[in-house]
Amino acid sequence: MSSVLKQSVKLACVQLTPGADKTANLSNAAARVADAARSGSRIVVLPECFNSPIGSKYFAQYAETLRPFPPSREQSPSFHALSAMAADNKVYLVGGSIPEADADTGKYFNTSLIFGPDGTLLDSFRKIHLFDVDIPGKVTFRESEVLSAGNRIALVSLPEYGTIAVAICYDIRFPELAIIAARKGAFALIYPSAFTLATGAIHWQLLARARAIDNQIYVAMCSPARDLSGPYHAWGHSMIVDPMAKVLVEADEKESIIETELHDQCIVEARRNIPLNAQRRFDVYPDVSQGKIQFDEPCPQA
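A brief look at the structure comes next.

Reading guide: rules and limits
Residues numbered from 1 in each chain as written. Predicted model: local features only at pLDDT ≥ 70, side-chain atom pairs only at ≥ 80, totals over all residues. Heavy atoms only, no water. Salt bridge = Lys/Arg side-chain N within 4 Å of Asp/Glu carboxyl O. Helix = DSSP H or I, 4+ residues; strand = E, 2+ residues; numbered from the N terminus. Buried < 20%, exposed > 50% of the residue type's maximum accessible area, 1.4 Å probe, protein only. 1 Å grid on protein atoms, 1.4 Å probe; cavity = no way out; pocket = protein on both sides within 12 Å on 5 of 7 lines; lining within 4 Å. Points joined across faces, edges and corners; volume = space filled by probe spheres on them. Nonpolar A, V, L, I, M, F, W, Y, C, P; charged D, E, K, R; others polar. Pairing = 2+ DSSP bridges. Axes fitted to C-alpha atoms, helices over the stretch in contact; angles between N-to-C directions. Contact = heavy atoms within 4.5 Å.

### Some details on the pattern of salt bridges
In step 1: Enumeration according to the criterion identifies 13 salt bridges in this entry.
In step 2: The residue R126 makes a salt bridge to D102 at a minimum N-O spacing of 3.5 Å. A residue pair is termed long-range when its members are at least 10 positions apart, and R126 in strand β6 (residues 121-126) and D102 in strand β4 (residues 98-102) qualify at 24 residues. Just as R126 is buried, D102 falls in that class too.
In step 3: D283 is the salt-bridge partner of R281, the closest N and O atoms lying 2.7 Å from each other.
In step 4: The partly exposed category is assigned to R281, whose relative accessible area is 43%.
In step 5: For D283, a relative accessible area of 60% corresponds to the exposed category.

Below, the structure written as structure tokens:
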């Protein structure tokens, strides 16, 4: 059985409390990424909207433009900060997500920037599924009032290790993305996420474990810390789940860093013991990974 993870790698999720001061948010993130790197993590993940308060009313205020590329520091201080975090610490950095403004269209996106250990942008991913939910008495949130949806899947090559897939928060509820990523060779699904208290309590761990066992690969979910004095109360509980749906490590609701080693043998054993890939009935149902899939939209530099 072929390997998808070329060598073991330590992955960290950095659970932060984003506030109103973007400069302070970036400084806090830089310090915590350095902490994770010092402990040996080579892949580091930040939370959704790590550089700003969470909420539709904040997107326009905190949005940054990425084009023309490369953006100036005035255009995108977060881009330059993330690039420096990756380069200074020689890590692959999944930069959570930031509000992005497209100057050409006037649209706003929830965008994850992924950098290599030399500070080069490897890929950018715009959240595909927007969180438009109304649970009476618990939560009402309509991202589509401000945000536009992305239109492509992000599969990011890390030459020493293999391929990771990156998506954002509500995207985890749509298994097609995870299925396609796994069948295209990803060893981990990484979701910067900010679930609400209502949805986190019932579905956070369930969804992470489901995507892991469905696809027999690792899943990492990185949340902001919970700040009950702020405008948005995130669930927290960042976690990393193995290919057999075992929760390897989980944070509580406070600021913290969680880390664990990812091993190819765990993927191989899961797939050998329960051989889903050999037992799929594509004569009965279609293989969604063989349909028309958008992988090839260029990074901002193109």
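From this point, the discussion proceeds with the structure in view.
### Remarks on the layout of surface pockets
In step 1: For the largest pocket, the calculated volume is near 170 Å³.
In step 2: Surrounding the largest pocket, 14 residues form its lining, P18, D227, G230, P231 and Y232 being those nearest its centre.
In step 3: Broken down by class, the residue content of the lining of the largest pocket amounts to nine nonpolar, three polar and two charged.

### Concerning the sheet that holds strand β11 (residues 186-192)
To summarise the sheet geometry, strands pair through backbone hydrogen bonds and adopt either a parallel or an antiparallel arrangement.
In step 1: Across the sheet, six strands lie side by side as β9-β10-β11-β12-β13-β14; this open sheet has mixed pairing. Taken across any chain shown, the strands that pair with only one partner, and hence form the sheet edges, are β9 (154-158) and β14 (247-250). With strand direction ignored, the average angle separating the axes of adjacent strands in the sheet is 20°.
In step 2: Inspection of the sheet shows strand β13 (residues 239-241) paired to β14 by three bridges, in the antiparallel sense. Looking at β14, one finds that I240 is bridged to V249.
In step 3: Against the sheet, helix α4 (residues 175-183) touches β9, β10 (162-166) and β11, its axis set at about 150° to β11.
In step 4: Relative to the sheet, helix α5 (residues 197-215) contacts β11, β12 (218-222), β13 and β14, its axis offset from that of β13 by approximately 25°.

### Section: α4
Three- or four-residue spacings in an α-helix give side chains the same orientation, since the helix completes a turn every 3.6 residues.
In step 1: Every buried residue of α4 is listed here: L177, A178, I180, A181 and A182.
In step 2: Tucked into the core, α4 has its buried residues touching β9, β10, β11 and α5.
In step 3: Within two residues after α4, G185 carries a phi angle of roughly 100°, on the positive side.

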